[in-house]
Amino acid sequence: MKMEQENSLEKEQLQILEKIQKEELDTILGLYRESTSMESYVKIPFLLFGVLVLIHNVFIAGNSYDYETYDNIKAIELLIVGVVVFIIFIIAGIAMSKNSKIKELLQKASQKHNISLEKIQEEFSVLGIHLYGGRGVQLKKK
């Protein structure tokens, strides 16, 4: 009985997405996959930042340096932190661009196929999370 309910629920949920053309859906899912894969790239700079703090605390902190050497160390550390922050902003910008393109394509598909935004958001999120993980999409009404 429970298995029958799950099968009917899956058929009912994916019924709306079947109205969208396969090529159109594949394009949106491809963007979603790329967007969710960006999350792992964001973790790398934060890990690098933690390693840099550890290196600073182990090798540099607590030692005495002359003023010129201290300024050079400080400048290098600030440069490295600036580069890491810049990388994080670039990755975030790319991910936000992909997410806005996903939302735009879903809204166009919603209007084109006369599907409510809530329904297409719910079903696409279920499908996207099932296939690629991530958090799904949140569409706003216009």
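In what follows, the accompanying structure is described. (Residues numbered from 1 in each chain as written. Predicted model: local features only at pLDDT ≥ 70, side-chain atom pairs only at ≥ 80, totals over all residues. Heavy atoms only, no water.)

**What to know about the layout of surface pockets**
The test is simple: Any residue with an atom within 4 Å of a point lines the site, the site being either a cavity, points on a 1 Å grid over the protein atoms alone where a 1.4 Å probe fits but cannot get out, or a pocket, an open set with protein on both sides within 12 Å along at least 5 of 7 lines. Grid points are joined across faces, edges and corners, and a volume is the space filled by probe spheres set on the points. By definition, any uninterrupted DSSP run of H or I lasting at least four residues is a helix, any uninterrupted run of E lasting at least two residues is a strand, and each is numbered from the N terminus. Charged residues are taken to be Asp, Glu, Lys and Arg, nonpolar residues to be Ala, Val, Leu, Ile, Met, Phe, Trp, Tyr, Cys and Pro, and polar residues to be all remaining types, Gly included.
Considered as a void within the structure, the largest pocket measures approximately 380 Å³ in volume. Looking at the largest pocket, it is lined by 17 residues, and the ones nearest its centre are S35, E39, A95, N99 and R135. Elements with a contribution of two residues or more to the lining of the largest pocket: α2 (22–60) and α3 (67–112). Per element, the largest residue contribution to the lining of the largest pocket is seven residues, and it comes from α3. The class makeup of the residues in the lining of the largest pocket is nine nonpolar, five polar and three charged. As a volume, the second largest pocket reaches approximately 240 Å³. Along its surface, the second largest pocket is lined by F49, L52, V53, I55, H56, I60, I73, I76, E77, I80 and V81.

**Concerning a nonpolar patch on the surface**
To keep things clear, this is the line we draw: Within this analysis, patches are made of residues with over 30% relative accessible area and no salt bridge. Like charges are joined at 9 Å or less; nonpolar side chains (Val, Leu, Ile, Met, Phe, Trp, Tyr) at 5 Å or less. Per-residue and other accessible areas were derived by the Shrake-Rupley procedure at a 1.4 Å probe size, with only the shown protein chains allowed to occlude residues. Basic side-chain nitrogens of Lys or Arg form a salt bridge, by our definition, when they fall within 4 Å of a carboxyl oxygen of Asp or Glu.
On the surface, a cluster of nonpolar side chains totalling about 600 Å² of accessible area is made up of L47, V51, L54, I55, V58 and F59. Position of L47 relative to the elements: it lies in helix α2.

**Some points on the packing of aromatic side chains**
To keep it simple, the criterion reads: Pairs were defined over the aromatic rings of Phe, Tyr and Trp, the Trp ring being its six-membered one, requiring ring centres within 6.5 Å. Orientation was assigned from the angle between planes: stacked under 30 degrees, edge-to-face over 60, tilted for the rest. Only protein chains enter the area calculation, which uses a 1.4 Å probe; residues under 20% of their type maximum are buried, those over 50% are exposed, and those in between are partly exposed.
Summed over the entire model, instances satisfying the criterion amount to one aromatic pair. Ring plane angle 85° and centroid distance 5.7 Å describe the contact between Y32 and F124, whose orientation is recorded as edge-to-face. Here Y32, found in helix α2, pairs with F124, found in helix α4 (residues 117–132); they are 92 residues apart in sequence, far enough to count as distant. A single burial state applies to Y32 and to F124, both of which are buried.

**Structural notes on the side chain of S35**
Note the following rule: In protein, a polar contact means a hydrogen-donor-capable atom and an acceptor-capable atom, both N or O and within 3.5 Å, with residues adjacent in sequence counting only if both atoms are side-chain atoms; elsewhere, any N or O pair within 3.5 Å suffices. It only takes one pair of heavy atoms within 4.5 Å for two residues to be counted as in contact.
You can see S35 is positioned in helix α2. Polar side-chain contacts of S35 include one of 2.7 Å to the side chain of N99. Those residues in contact with S35, other than ones at most four positions away along the chain, are A95, K98, N99 and I102.

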